[in-house]
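Descriptive structure summary
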Amino acid sequence: MASPKYAEAKREIIEAKEVGTLSDGTKVKLRAPRMRACNEKDAKGKLCAGHLKRWYFFGDEVKAKYGDEAEVYRCEKCKTLYLPNPEETPRTGTLAW
Ligand SMILES: [Zn+2]
């Protein structure tokens, strides 16, 4: 029988996978498909639920890791960065080639 703790950890992986951390401590996560709200938890275990917004002002570290034209989203509350899920098709047609 799976313990509740184990089930919770498993769900976390399906929702948004942490893929790295920048040198300043900013977390980088992979968005789950159609995900619009941050699933980070604070020290008390409270869900952040901040809005994920397209973010264009990332620095050289993000560029070096994910490319100059990277599609990056940032939580407006806790500043965690989110990368688009590979299974999701881009919302704009600008990247079509
Ligand atoms: Zn957040």
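First things first, this report covers the structure right here in the doc. (Residues numbered from 1 in each chain as written. Predicted model: local features only at pLDDT ≥ 70, side-chain atom pairs only at ≥ 80, totals over all residues.)

**Thoughts on unusual backbone geometry**
For Ala49, which is not glycine, the phi torsion reads 60° and is therefore positive. Following the sequence through the fold, Ala49 ends up in the loop between strand E2 (27-30) and strand E3 (52-55). The class of Ala49 is partly exposed, set by 14 C-beta atoms lying within 10 Å. If you check the backbone angles, Lys79 has positive phi at about 70° while not being a glycine. You can see Lys79 is positioned in the loop between strand E4 (72-75) and strand E5 (81-83). Its 15 C-beta neighbours within 10 Å are what place Lys79 among the partly exposed residues. (Helix = DSSP H or I, 4+ residues; strand = E, 2+ residues; numbered from the N terminus. Buried ≥ 20, exposed ≤ 12 C-beta atoms within 10 Å, placed from the backbone.)

**A short note on the environment of Trp55**
By secondary structure assignment, the location of Trp55 is in strand E3. The spatial distance from the C-alpha of Trp55 to the C-alpha of Tyr73 is 5.1 Å, given a sequence separation of 18 residues. Excluding residues that lie within four positions of it along the chain, Trp55 makes contacts with Val72, Tyr73 and Arg74. (Contact = placed C-beta atoms within 7 Å.)

**Quick look at the nonpolar core**
A general feature of soluble globular proteins is that nonpolar side chains tend to end up buried together. By size, the foremost hydrophobic cluster in this structure holds nine residues: Cys38, Leu52, Val62, Val72, Tyr73, Cys75, Leu81, Tyr82 and Leu83. Secondary structure elements with two or more residues in this core: E4 and E5. If we ignore the near neighbours within four places in the chain, the residues touching Tyr73 are Arg31, Leu52, Lys53, Arg54, Trp55 and Tyr82. (Core = buried A, V, L, I, M, F, W, Y, C linked by C-beta atoms within 7 Å.)

**Topic: the sheet that holds E4**
What the five strands build is an open sheet, ordered E1-E2-E5-E4-E3; its pairing is mixed. Either end of the sheet is taken by a strand with one partner, and the two such strands are strand E1 (17-21) and E3. The average undirected angle you get between the axes of adjacent strands in this sheet is 35°. Bridge count between E1 and E2: four bridges; the pairing is antiparallel. Among the inter-strand pairings, Gly20 is bridged to a residue of E2, identified as Val28. (Pairing = 2+ DSSP bridges. Axes fitted to C-alpha atoms, helices over the stretch in contact; angles between N-to-C directions.)

**Let's talk about the environment of Met35**
Tracing the chain through its elements places Met35 in the loop between E2 and E3. Spatially, the C-alpha atoms of Met35 and His51 are 9.8 Å apart, while their sequence positions differ by 16 residues. Excluding anything up to four places from it in sequence, Met35 contacts Glu15 and Ala16.

Keep in mind these numbers describe shape, not what the thing actually does.
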